[in-house]
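# Observations on the three-dimensional arrangement
So the chains spell out like this:
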Amino acid sequence: MKSIAVLTSGGDAPGMNAHIRAVTRSGLSRGLDVWGVIGGFSGLIEGTMIQLDRKSTANIIASGGTILKTSRSKEFMMPGGRAAAAQVLKEKRIDGLICCGGDGTFHGAHFLGLEHGIQVVGTPGTIDNDIYGTQYTIGYDTALNTAVEAIDRIRDTADSHGRVFIIEVMGRHAGFIAMEVGIASGAEYVAVPETVTNLDILYQRILKQGRQRRTIVIVGEGDELGGAYQIGAAMKDKYDIDAKVAVLGHIQRGGSPTVRDRVLGSHLGVAAVDALIDGITDVMVGRVHGEIEYTPLEDTWSKQKPLENYMIELSDLLT
Ligand code: F6P
């Protein structure tokens, strides 16, 4: 193996730069040329790449986003797009590719490997933490901290005015962000897709707050009753509760990564390079209880990572 490439794909996540830095530096220390694909799979199809070195990866560990940019490429979902990308890799004599992203990224990487014999390794980079085969994903910890900081501020207003706030957090179809953020911010109710959202219980909890009514409700965007606006409207219709709605949105995706995300991104970067050197392909390199684990790429989307029961119980007990 002489030359490898790394790309980031799907939603950007804090810690991706630490990951790119680690891939580059461990690759170089093992005598490899390291290429960075600009713009995820779209950039790979177009052949937009830069050679990475110590200098180009200096001073990026503390920054959010991804210096390599990212995309959600529709073209790469089609065989023609993947064939064009494979051609680019062959022409540039790149022997192995590291794809950092979520399950959409791993789908693409899997089929690129299968159809064109390219050695591919995935690494979990998404704020959602919804990837089977790793305890945490790169970006999750930062997103949690960013959301909790924002909710602490909203709590001041909720408290001062005695208001009900319904706050929506990201997470796509999974409730990891909502559940942990709900516990950490002392929310009165947490609505996640993994549990049945019960508006009667929510109403009882609002009543329990007494005349002051200060209540924080956290809603994961994938909840079966809809987002915060839908739940707010239902509370007005059913119980005449006037709630303020806040959707945190993309504020959760940006910002300087936490120590946890920098370390995770670095650890997985080095492990992904090791995997390529060892001839491993079609796996995601994840980390479970501090240990590196390989999971077949297919399992990352066909198997579901459950929201731990203890978290659901803890949240119920403490609200
Ligand atoms: O997967 C990360 C994520 O931020 C999800 O939480 C959210 O549903 C989605 O991406 C938003 O994607 P986009 O930025 O493309 O609208």
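Residues numbered from 1 in each chain as written. Predicted model: local features only at pLDDT ≥ 70, side-chain atom pairs only at ≥ 80, totals over all residues. Heavy atoms only, no water.

Below, the discussion takes up the pattern of salt bridges. Applying the stated criterion across every chain yields a total of 12 salt bridges. Arg 30 is paired through a salt bridge with Asp 274; the nearest N and O atoms lie 2.7 Å apart. A residue pair is termed long-range when its members are at least 10 positions apart, and Arg 30 in the loop between α1 (16-29) and β2 (33-37) and Asp 274 in helix α9 (residues 259-277) qualify at 244 residues. By relative accessible area, which is 25% here, Asp 274 ends up partly exposed. A single network of salt bridges, built from pairs that share partners, joins Asp 159, Glu 188 and Arg 214. (Salt bridge = Lys/Arg side-chain N within 4 Å of Asp/Glu carboxyl O. Helix = DSSP H or I, 4+ residues; strand = E, 2+ residues; numbered from the N terminus. Buried < 20%, exposed > 50% of the residue type's maximum accessible area, 1.4 Å probe, protein only.)

Strand order across the open sheet formed by 7 strands is β3-β2-β1-β4-β5-β10-β11, with mixed pairing between neighbours. The sheet is open, and its two edges are formed by β3 (49-52) and β11 (291-296), each paired on a single side. Across the sheet, the mean angle from the axis of one strand to that of its neighbour is 30°, orientation sign disregarded. Of the strand pairs in this sheet, strand β1 (residues 3-8) and strand β4 (residues 96-101) are connected by 5 bridges, and their pairing is parallel. Counted as the bridge partner of Thr 8 is Cys 100 from β4. (Pairing = 2+ DSSP bridges. Axes fitted to C-alpha atoms, helices over the stretch in contact; angles between N-to-C directions.)

Within the element layout of this structure, His 289 appears in the loop between β10 (283-288) and β11. In this structure, the C-alpha to C-alpha distance between His 289 and Tyr 136, residues 153 residues apart in sequence, is 9.5 Å.

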